[in-house]
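# A closer look at the structure
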Amino acid sequence: MAYDYSCELANEQNNRELMLYNSQKSIELSLKLSLLRLDVPLIILQKFPYE
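Summarised in this report is the structure supplied together with it. Quick caveat, the model's predicted, so the values are computed rather than measured.

What counts as what
- Residues numbered from 1 in each chain as written.
- Predicted model: local features only at pLDDT ≥ 70, side-chain atom pairs only at ≥ 80, totals over all residues.
- Heavy atoms only, no water.
- Salt bridge = Lys/Arg side-chain N within 4 Å of Asp/Glu carboxyl O.
- Helix = DSSP H or I, 4+ residues; strand = E, 2+ residues; numbered from the N terminus.
- Buried < 20%, exposed > 50% of the residue type's maximum accessible area, 1.4 Å probe, protein only.
- Patch = residues over 30% accessible without salt bridge, like charges linked within 9 Å, V, L, I, M, F, W, Y side chains within 5 Å.
- Areas by Shrake-Rupley, 256 points an atom, 1.4 Å probe, with all protein chains shown as cover.

## Brief notes about the pattern of salt bridges
Should the charged atoms of two oppositely charged side chains come close, the side chains can pair. Per the stated rule, a full pass over the model turns up 2 salt bridges. Its salt-bridge partner being E12, residue R16 comes within 3.5 Å of it at the nearest N-O pair. Here R16 pairs with E12, and both are found in helix α1 (residues 6–47), just 4 residues apart, close to one helical turn. In this structure, K25 engages E28 in a salt bridge whose closest nitrogen and oxygen atoms are separated by 3.3 Å. Separated by 3 residues within a single helix, K25 and E28 lie in helix α1, roughly one turn from each other.

See below:
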């Protein structure tokens, strides 16, 4: 009886897609966080402008 590799291949492909998706999501999150870090000082400067 021949071993069925199609299931293993499908799993590998699925794992690759999940890893790609996760890395894209983490990149998006880190971008959003860095934008937030930029926003906070700007908001503070707008509320308390330098005299």
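## Brief notes about the environment of M19
With respect to the secondary-structure elements, M19 resides in helix α1. Judged by its relative accessible area of 60%, M19 falls in the exposed class. It is 30 Å that separates the C-alpha atoms of M19 and D39, two residues lying 20 residues apart in sequence.

## Notes on the environment of K25
According to the relative accessible area criterion, K25 is partly exposed, its value standing at 35%. With 19 residues separating them along the chain, K25 and S6 place their C-alpha atoms 28 Å apart.

## Observations regarding the environment of Q24
Looking at the element boundaries, Q24 is found in helix α1. A relative accessible area of 42% means that Q24 is categorised as partly exposed. Between the C-alpha atom of Q24 and that of R37, which follows or precedes it by 13 residues, the distance is 20 Å.

## Re a nonpolar patch on the surface
Residues Y3, Y5 and L9 make up a contiguous nonpolar surface patch of roughly 390 Å² in combined accessible area. Along the chain, the position of L9 falls in helix α1.

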